[in-house]
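Fold and geometry: a report
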Amino acid sequence: MGRRISLRARLVRLGTRCFIKRPSRGLSLAKSREKFRAMERLVPLPPSGTETVRVDAGGVPADSITRPASLHNRHVLYLHGGGYRVGSAITYRHFTWRM
C-alpha cells in the first residue's frame, strides 16, 4: 500500500494545475514568461541570515545561496527542471535556501 499524499502536496498540485498549466495553454512564450514572473512575488522570503549572491558560473548566471549553518567547503549544484520555457532562479529560491 502506497503512502497517502499530504494535504499540502495536494494543494500545491491543484494550484499548479489551475493557475499555471491550464491557463498557460495557447499563450505566447512572452506572455507565459510574463505571467510566471508575476508569480515570483508569491515566493516566500528566506529566513534571516540567508545570503543570495549573483555569480558568473563559467558564463552562466547563477545564484550562490548561503545560510549561517552552511559549510563553506561544501556545495550543492541544483538544476531545476521545466526546460527553457518559463521559470527563474527566483522561482526556486524557496526550495534552494532549504537545502
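This text goes with the structure placed above it.
What comes next is a walk through the structure. (Residues numbered from 1 in each chain as written. Predicted model: local features only at pLDDT ≥ 70, side-chain atom pairs only at ≥ 80, totals over all residues. Heavy atoms only, no water.)

A few words now on the layout of surface pockets. Think of a ball as big as a water molecule: rolled over the atoms, this probe shows where empty space is left. Estimated volume of the largest pocket: approximately 1300 Å³. Taken together, 35 residues make up the lining of the largest pocket; nearest its centre are Ala62, Asp63, Val76, Leu77 and Tyr78. Broken down by secondary-structure element, the contributors of at least two residues to the lining of the largest pocket are strand E1 (51-56), strand E2 (61-66) and helix H3 (89-96). Top contributing element to the lining of the largest pocket by residue count: E2, with six residues. Tallied by class, the residues present in the lining of the largest pocket amount to 18 nonpolar, 10 polar and seven charged. (1 Å grid on protein atoms, 1.4 Å probe; cavity = no way out; pocket = protein on both sides within 12 Å on 5 of 7 lines; lining within 4 Å. Points joined across faces, edges and corners; volume = space filled by probe spheres on them. Helix = DSSP H or I, 4+ residues; strand = E, 2+ residues; numbered from the N terminus. Nonpolar A, V, L, I, M, F, W, Y, C, P; charged D, E, K, R; others polar.)

A contiguous nonpolar patch, built from Val76, Tyr78, Phe95 and Met99 and spanning about 390 Å² of accessible area, is present on the exposed surface. Take valine 76: its relative accessible area is 60%, and that puts it in the exposed class. (Patch = residues over 30% accessible without salt bridge, like charges linked within 9 Å, V, L, I, M, F, W, Y side chains within 5 Å. Areas by Shrake-Rupley, 256 points an atom, 1.4 Å probe, with all protein chains shown as cover. Salt bridge = Lys/Arg side-chain N within 4 Å of Asp/Glu carboxyl O. Buried < 20%, exposed > 50% of the residue type's maximum accessible area, 1.4 Å probe, protein only.)

Let's shift gears to the environment of proline 61. Of note, proline 61 is situated in strand E2. Owing to a relative accessible area of 60%, proline 61 belongs among the exposed residues under this scheme.

Here E1 pairs with E2 via six bridges, running antiparallel. Paired with arginine 54 across the two strands is aspartate 63, which belongs to E2. Hairpin geometry of E1 and E2 is characterised by an intervening segment of four residues between the two adjacent antiparallel strands and by a positive phi of about 65° at glycine 58. (Pairing = 2+ DSSP bridges.)

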